[in-house]
Amino acid sequence: MNQSPFQSVLGTNYVPTEQECETISEILVALGKELIELRSEIVEQEPTPQKLQERYRDLEGNIHAHRALISPFRRIPDDVLREISLHCLPHNRNPATCAAEPPILLTHVCGRWRQVAFSTPRLWSSLHISNYLDEGQIRETKIQSRNEGALQWIARAGDMLFSLSFPARQRNLSPERRIRRNADLRRLLSILSPIFPRCKNVDIFLEGLESELSGIMALRAEGGQKLFRSLEQLSIRLSLHKSNLLTSEQHMRKVSTLLCELELSSSKRLRKLGLYLDEYTQLHSESLRLSDLFPCGQLEVLDLQGNLFFYEGARLPLNLLPSILQACPKIVTFKANIGRPQRRHPPVPTSRIPLAGLKELSLFLPDGESWYNLCLDILARCDWPGLTSLYLRTFNSRYADMSLFSSFTDRFSIPLTSLRLSSFGIYVQSLNDLVFALPALVQLHLEHPAFSGSRYGVRRYDDSDEEETPYSLGNVIAHLTPNPDGTPHALPQLRFLKWELNTGFSDIALANLLQQRSTSPYSSVPMEQVHIRFGRDMQEDIIPICSNLIEAGLDLRLRYTPEFEFDTSRETMYTYKGHTLPLERDYRTLGWP
């Protein structure tokens, strides 16, 4: 065959016209016939001459090169390719400088994708910056290369507002390595200080002695203002090492002094705040008053729980809960670990707590029936007509939690669409009453505390837990199943269900629920996502029974003993063990990853 008229553009990013694509298709037909003839000729000749083999390989390569020219991806407009690239970025965390994940991965596909990626500032408007302390003492050249790479990344973002996150806590860090880490972090922040005025979001962990951390807190950006003062969103994990010579009050004053160094109380831009301190720290106390340190009056998100790691255990005394809520009139999301009341503080104010914009509430409540009446008193004064998402659990919970849980859900039953309850055991009748009282609920998560991610209430789990639990919840599943006679069933709008242990229902009962929710004329909506951790052996394989639902899109994940697990989800090839950003979670997002 004569030389192709497209020989000069083979192996390039050239995008042919529609007419040229038709010509290339005709060339491919001719090349295909030539390849068939050559294959027949090779079969007839044994052994195959070297020149014939080379000709065959060249012809195959020519065909592949021509097919690449008419690839549909080649004709995707740049603006569409940019949108596809943006959807490839990780969720709930910032991308890292890793060649195996976007956006860097996108620059390795081809020259055109690389050009489009580098000309898309939004792709580079967030970054997680790692350190190398796990590897021991690192050469200065490697640290310098990391710093220069971060600056190049940020430069690609142009004038876009920027999001930065830094390494989370590293366990068992020796004092020498901790000092090196803080010195490296301070130098890195100094290098990045010119871009902080256009930085909208920072997630940072600070750990060490007061002398190590005060230098970081005192850093200033261009123009002389403090480094974090222009942020719209800040997640700060602060672990100040406590001296044995200091009382708890003195230690909290030092924590307050460090936070005061940020000069955020008069910030005009801060809207989302995540503050995660060490356990047993009492928030909003006389020594650590949040409303004096942060602009609570303009905050829309206040997260005092974080990712529920063991070192994020600071508690807000129960009798101070009303005052911090009243100090945040614009709050939309509030999360806190609630501790026992402080005796030295004045009585709880009796005024109402109106929060018209509150949508999401997450509370870890104190143990003990002695605080139950105080909880109810505070609850009775809460005017939160828009609350749609609620997460409740108690520290070291057992079987006496349900009355408190029911009081909360009864108070907000009408608007509630998402409910997460955490307890080792729940009374059957209490849960039955609860599910019939939530007509608008779309998502329900009955969580076992051992899987909550919190230190409190966690105990060693084994398969015998399923049998030892005296308050089984088995008949609840029957109330969720549409009845043949049309009598009302519980949670008619439910589409997302996650249930961990204490199940008590059979595999067939679950299959019947899923089928009836999908096919019954009395069912409002089918189930979309169901995750069950049974904690027992499989009784019957229900996957064939539910195959039609799975094909229709049902995300069904069943976990029995470690020997068997069924999961319809699609895991990504590359996993990232970095830190997720708790403030990036949206209460309006239903389901689980």
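Residues numbered from 1 in each chain as written. Predicted model: local features only at pLDDT ≥ 70, side-chain atom pairs only at ≥ 80, totals over all residues. Heavy atoms only, no water.

Side note on the pairing of strand β4 (residues 233-240)
- In terms of residue burial, β4 counts as a mostly covered element, since eight of its eight residues are buried.
- Of the two faces of β4, the one holding Gln233, Ser235, Arg237 and Ser239 and the one holding Leu234, Ile236, Leu238 and Leu240 are both buried throughout.
- Sheet analysis places strand β3 (residues 199-208) next to β4, joined by eight bridges and oriented parallel. Paired with glutamate 207 across the bridge in β4 is serine 239.
- Each parallel crossover has a hand, and for β3 linked through helix α7 (residues 210-217) to β4 it is right-handed.
- Relative to strand β5 (residues 272-277), β4 is paired through six bridges, and the arrangement is parallel. Counterpart to serine 235 in the pairing with β5 is glycine 274.
- Taken together, β4, helix α8 (residues 248-260) and β5 constitute a β-α-β crossover, and its handedness is right-handed. (Buried < 20%, exposed > 50% of the residue type's maximum accessible area, 1.4 Å probe, protein only. Helix = DSSP H or I, 4+ residues; strand = E, 2+ residues; numbered from the N terminus. Pairing = 2+ DSSP bridges. Right-handed = clockwise from strand over helix to strand, strands pointing away.)

Regarding the confidence of the model for the protein chain
- The predicted model of the protein chain averages 82 in pLDDT, with 83% of residues at 70 or higher.
- Contacts from residues 453-472, a stretch scored under 50 in pLDDT, to residues over four places away or in other chains number 51 contacts. (pLDDT = per-residue confidence, 0-100. Contact = heavy atoms within 4.5 Å.)

As for the packing of aromatic side chains
- Scanning the model with the defined rule gives eight aromatic pairs in all.
- An angle of 85 degrees between the planes, with centres 4.9 Å apart, marks the rings of tryptophan 124 and tryptophan 153 as edge-to-face. Of the two residues, tryptophan 124 sits in the loop between α4 (111-118) and β1 (126-128) while tryptophan 153 sits in helix α5 (residues 140-156), which places them 29 residues apart along the sequence. Assigned by exposure class, tryptophan 124 and tryptophan 153 land together as buried.
- Look at tryptophan 499 and phenylalanine 505: their rings are 5.0 Å apart centre to centre, the planes differ by 70 degrees, and that puts the pair in the edge-to-face class.
- Three or more aromatic residues joined by ring pairs form one cluster here, namely Trp499, Phe505, Phe534 and Tyr560.
- Lying across the ring of tryptophan 124, arginine 156 places its NZ or CZ 4.6 Å from the centre.
- Its guanidinium or amino end placed over the ring of phenylalanine 364, arginine 393 lies 5.1 Å from that ring's centre, counting from NZ or CZ. (Phe/Tyr/Trp six-rings, centres within 6.5 Å; stacked < 30°, edge-to-face > 60°. Lys NZ or Arg CZ within 6 Å of the ring centre and 35° of its normal.)

Observations concerning helix α11 (residues 372-380)
- Taken together, the buried positions of α11 are Leu374, Cys375, Ile378 and Leu379. For α11, the angular spread of buried residues about the axis comes to 135 degrees, placing them on one side. (Arc of directions from axis to C-beta.)

As for helix α2 (residues 50-69)
- Look at α2: 29 Å from first C-alpha to last across 20 residues, which is about the 28 Å you get at 1.5 Å a residue.
- Among all positions in α2, only Leu52, Tyr56, Leu59, Asn62, Ile63, His66 and Leu69 are buried. Considered in projection along α2, the buried side chains sweep an arc of 140 degrees and stay on one side of the axis. Turned more than 90 degrees off the buried face of α2, the exposed positions are Asp58 and His64.
- Summarising the contacts, the buried residues of α2 are in contact with α1 (18-44). (Expected span 1.5 Å × (residues − 1).)

Regarding the pattern of salt bridges
- Scanning the entire structure with this criterion turns up 18 salt bridges.
- Notably, a salt bridge pairs glutamate 83 with arginine 122, separated by 3.9 Å at the nearest N-O pair. Of this pair, glutamate 83 sits in helix α3 (residues 78-87) while arginine 122 sits in the loop between α4 and β1, placing them 39 residues apart in sequence.
- Note on glutamate 83: relative accessible area 38%, which makes it partly exposed.
- With relative accessibility at 45%, the residue arginine 122 sits in the partly exposed group.
- Salt bridges here are not isolated pairs; linked through shared partners, they connect Arg220, Lys226, Glu261 and Glu263. (Salt bridge = Lys/Arg side-chain N within 4 Å of Asp/Glu carboxyl O.)

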